[in-house]
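Per-entry structural report
Listed here are the chains, written in short residue letters.
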Amino acid sequence: TDSSDIILTITDNDDPAAVTLAFSSETIAEGASTAVTLTATATPVSGQEITIPFTVSGTAEANEYSILGDPTPTSIVISAGSETGSISISTDGINDTAVEIMETIIFTIGDITNGTLGTEQAAEVTLNLESDDDSEVTSIVANPSSFEESASSTVTATIDDPSSRDLTIPLTVTGTATDAD
């Protein structure tokens, strides 16, 4: 004759969702107007909020990029019932005039709450930061400058600073000699 409610609690005993991480682009250039997104994907979708903490390191200085958000995020959150969560990395309005080699922005993943790293997922993901400044050609030299038939010469270009981008120098060959194929 007792009609009072009985409360039952169902405890989730499923394996935690596996989290994979992917950038929308492998490289971001200095001063780029488009941000790069780091997306975390949970498989399967979880009924619990998943928090993926990260730290940032690499060869790029912290003042060369920004992780968008206020305050600056230190984790990616996948809301309960959602498949993905993301953060954005920007270099818009951040630029210098130094010619630099390719730099890195490395995200190291900490202990995930309510999830695990996928089996194929590394605990570090790296975004490349490309300098938008070009080196200058300081010399172009042919050695030897004169040679006999069946011999060869090497043309060497020298630049003032190593760069993160390939430098293409157009070359036109003219003269009275014919191409022997």
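Heads up: these notes are all about the structure in this document. (Residues numbered from 1 in each chain as written. Predicted model: local features only at pLDDT ≥ 70, side-chain atom pairs only at ≥ 80, totals over all residues. Heavy atoms only, no water.)

1. Observations concerning the sheet that holds strand β2 (residues 27–29)
Strand pairing in a sheet takes place through backbone hydrogen bonds and is either antiparallel or parallel in direction. The cut-off we apply is this: A pair of strands is labelled paired if DSSP reports no fewer than 2 bridges between them. Here a helix means four or more residues in a row that DSSP labels H or I, a strand means two or more in a row labelled E, and each is numbered from the N terminus. Every axis corresponds to a line fitted to the C-alpha atoms, with the helix fit spanning only the stretch in contact, and the corresponding angles, defined between N-to-C directions, vary from 0 to 180 degrees.
The strand order β2-β10-β8-β4-β6 describes an open sheet built from five strands, whose pairing is mixed. Unpaired on one side and paired on the other, β2 and β6 (75–78) mark the two borders of the sheet. Strand after strand, the sheet turns through a mean of 25° between neighbouring axes, direction not considered.

2. Points about the packing of aromatic side chains
The line we're drawing: Between the rings of Phe, Tyr and Trp (Trp by its six-membered ring), a pair exists once the centres lie within 6.5 Å; its type follows the angle of the planes, with under 30 degrees stacked, over 60 edge-to-face, and the other angles tilted. Burial classes: relative accessible area under 20% of the type maximum marks a residue as buried, over 50% as exposed, and values in between as partly exposed (1.4 Å probe, protein chains only).
Using the criterion set out here, one finds two aromatic pairs in the structure. Both rings, one in F54 and one in F107, keep their centres 5.3 Å apart while their planes meet at 65°; by these two values the pair is edge-to-face. Of the two residues, F54 is situated in strand β4 (residues 50–57) and F107 in strand β8 (residues 103–109); the sequence distance between them amounts to 53 residues. Note on accessibility: F54 and F107 belong to one class, buried. Ring-pair connections join several aromatic residues into one group, and the members of that group are F23, F54 and F107.

3. Focus on a nonpolar patch on the surface
Threshold: Here, patches come from residues exposed beyond 30% relative accessible area and free of salt bridges, joined within 9 Å for like charges and within 5 Å for nonpolar side chains (Val, Leu, Ile, Met, Phe, Trp, Tyr). Values of accessible area rely on a 1.4 Å probe in the Shrake-Rupley scheme; residue burial ignores everything except the protein chains shown. Within this document, salt bridges are pairs made up of a side-chain nitrogen of Lys or Arg and a carboxyl oxygen of Asp or Glu, the two lying within 4 Å of each other.
On the surface, a nonpolar cluster with roughly 480 Å² of combined accessible area is contributed by V137, I140, V155, I159, L167 and I169. Inspection of the secondary structure assignment puts V137 in strand β11 (residues 137–143). For V137, a relative accessible area of 37% gives the class partly exposed.

4. Some points on the side chain of E30
Rule in force here: Neither His nor the chain ends contribute to the count of charged residues, in which Lys and Arg are positive and Asp and Glu negative. Should any heavy atoms of two residues lie within 4.5 Å, those residues are considered in contact.
Summarising the element assignment, E30 is placed in the loop between β2 and β3 (36–43). Buried within the structure, E30 lacks any salt-bridge partner; its nearest side chain of opposite charge belongs to R165, at an N-O separation of 8.1 Å. Here E30 is in contact with E64, T91, I94, N95, D96, E100, L129, E130, S131, D132 and D133, once residues within four sequence places are set aside.

5. Section: the pairing of strand β7 (residues 84–90)
Both β3 and β7 contribute to a ladder of six bridges, which runs antiparallel. Bridged to L38 within β7 is I87. Of the pairings in the sheet, the one linking strand β5 (residues 66–67) to β7 comprises two bridges and is antiparallel in character. Bridged to S66 within β7 is S90.

6. Description of the pattern of salt bridges
If you walk through the whole model with that rule in mind, you get one salt bridge. R165 is paired through a salt bridge with D134; the nearest N and O atoms lie 2.6 Å apart. On the criterion of sequence distance, the pair formed by R165 in the segment after β12 (154–159) and D134 in the loop between β10 (124–130) and β11 is long-range, its members being 31 residues apart. When its relative accessible area of 48% is taken as the criterion, D134 is described as partly exposed.

7. Quick word on the environment of V141
Its location among the elements puts V141 in strand β11. Excluding residues that lie within four positions of it along the chain, V141 makes contacts with T154, V155 and T156.

8. Details of the sheet that holds strand β9 (residues 115–117)
An order of β5-β7-β3-β1-β9 is seen for the five strands of this open sheet, with the pairing classed as mixed. The open sheet is flanked by β5 and β9, the only strands paired with a single partner. Inspection of the sheet shows strand β1 (residues 17–23) paired to β3 by six bridges, in the antiparallel sense. Note on β3: the bridge partner recorded for T20 is T41.

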